[in-house]
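Descriptive analysis of the structure
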Amino acid sequence: MKYKYCPICGKKLEEKYSWDEGGVPYCSVDNIMFFDTPKPCIIAAVIKDDKVLLLKQNYTFKNSKVLLSGYVANNETVEETVLREIKEETGIIAKEPKYLGSYYLASKEIIMLTFIVKYVSGEIVKSGEVDGAEFVNLKDALSEMKEDKIGSEVVKKVLEEIGAKL
Ligand SMILES: [Zn+2]
């Protein structure tokens, strides 16, 4: 998002030259440059034996299951986001998030950071944000998440990562 006004003091931003970026919106009162950065978001494939955690969230895709996702908050690492979102949305404890690569979603200015994560403990207790949550056999997962394009790419990578051991 390209800022026109300072989100802190409301002053109209001026352009300030930055070496690599060219002109960047700048607030001289707060001395901050507002770079045009995407919002970071995580997607997690939580793996339990030969199964992967899939959610049903009717507000995103009505006819498809999805991988768990969430926005990175201030004051946390991306790995902490992964474990926090898994706990908040499903009640499950997971560990060892391993980065699998990123995707850029232009329509929402989101950078999707994808992870494979190991299930540790807990039964699924879904949050109000979630309409369903269950562990699905990895070999069946892709057919149940047709609308979740990025999630499907992540599951394909997971299959490459651990497929040989199934
Ligand atoms: Zn300001």
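The structure presented is a predicted model; accordingly, all values stated were derived computationally and were not measured. (Residues numbered from 1 in each chain as written. Predicted model: local features only at pLDDT ≥ 70, side-chain atom pairs only at ≥ 80, totals over all residues.)

**Describing the overall build of the protein chain**
- A tally of regular secondary structure across the protein chain gives three helices and nine strands.
- Its helices and strands taken in sequence order, the protein chain reads β-β-β-β-β-β-α-β-β-β-α-α from the N to the C terminus.
- By its C-alpha atoms, the protein chain is 55 × 30 × 30 Å across when sized along the principal axes.
- Here the protein chain holds 166 residues, and the buried ones make up 25% of them.
- Sequence-distant contacts, at least 24 apart, represent 58% of the contacts inside the protein chain between residues at least 6 apart. (Helix = DSSP H or I, 4+ residues; strand = E, 2+ residues; numbered from the N terminus. Buried ≥ 20, exposed ≤ 12 C-beta atoms within 10 Å, placed from the backbone. Contact = placed C-beta atoms within 7 Å.)

**Concerning the domain arrangement of the protein chain**
- If you check the domain split of the protein chain, you get domain 1 (1–36) and domain 2 (39–165).
- Inter-centroid distance (C-alpha atoms) of domain 1 to domain 2 is 34 Å. (Domains from an automatic or database assignment.)

**Side note on the nonpolar core**
- Among the nonpolar cores identified, the biggest contains 30 residues, and A44, A45, V46, I86 and V117 are the most heavily contacted of them.
- Where this core is concerned, the elements lending two or more residues are β4 (39–48), β5 (51–56), α1 (78–90), β8 (110–121) and α3 (149–162).
- It is β4 that provides the largest number of residues to this core, a total of six residues.
- The residues touching V117, leaving out its near neighbours within four places in the chain, are A44, A45, V46, I47, V82, I86, A94, E96 and P97. (Core = buried A, V, L, I, M, F, W, Y, C linked by C-beta atoms within 7 Å.)

**What about the sheet that holds strand β1 (residues 14–18)?**
- On the basis of which strands lie adjacent, the open sheet formed by three strands has the order β1-β2-β3 and antiparallel pairing. The open sheet is flanked by β1 and β3 (32–33), the only strands paired with a single partner.
- Examined bridge by bridge, β1 and strand β2 (residues 22–27) share five bridges and lie antiparallel to one another. Directly across from E14, in β2, lies its bridge partner Y26. (Pairing = 2+ DSSP bridges.)

**Some points on the UniProt feature "domain: Nudix hydrolase" (unreviewed entry) in the protein chain**
- Those residues carrying the UniProt feature "domain: Nudix hydrolase" (unreviewed entry) are residues 25–160 in this numbering.
- Across residues 25–160, the secondary structure splits into 24% helix and 41% strand, with the terminal C-alpha atoms separated by 43 Å. (UniProt positions renumbered as here; feature names shortened; annotations may be inferred.)

**Some points on the environment of A44**
- As for its position among the elements, A44 is in strand β4.
- Residues A44 and V117 lie 73 residues apart in sequence; the distance between their C-alpha atoms is 6.6 Å.

**Remarks on α1**
- Between its terminal C-alpha atoms α1 stretches 18 Å, which fits the 18 Å expected from 13 residues at 1.5 Å a residue.
- Within α1 the residues assigned to the buried category are T81, V82, L83, E85, I86, E89 and T90.
- In this structure, the buried residues of α1 make contact with β4, β5, β6 (68–71), β7 (93–105), β8 and β9 (132–137). (Expected span 1.5 Å × (residues − 1).)

**Points about unusual backbone geometry**
- Its identity as a non-glycine residue notwithstanding, D49 has a phi of 55 degrees, on the positive side.
- With respect to the helices, strands and loops of the structure, D49 is situated in the loop between β4 and β5.
- Classification of D49 as exposed rests on a count of 10 C-beta atoms within 10 Å.
- The backbone phi angle of E109 is positive, close to 50 degrees, even though this residue is not glycine.

**Focus on the environment of L138**
- Its place among the elements puts L138 in helix α2 (residues 138–144).
- C-alpha separation for the pair L138 and K51, spaced 87 residues apart in sequence, amounts to 5.0 Å.

**Description of α3**
- Taking 1.5 Å of rise per residue, the 14 residues of α3 would be expected to cover 20 Å, and the 20 Å separating its terminal C-alpha atoms lies within 8% of that figure.
- Those residues of α3 lying buried are I150, G151, V154, V155 and V158. Down the axis, α3 shows its buried residues gathered within 140 degrees of arc, on one side only. Structural note: α3 exposes K149 and E160 on the side pointing more than 90 degrees away from its buried face.
- The secondary structure elements touched by the buried residues of α3 are β4, β5, β7, β8 and α2. (Arc of directions from axis to C-beta.)

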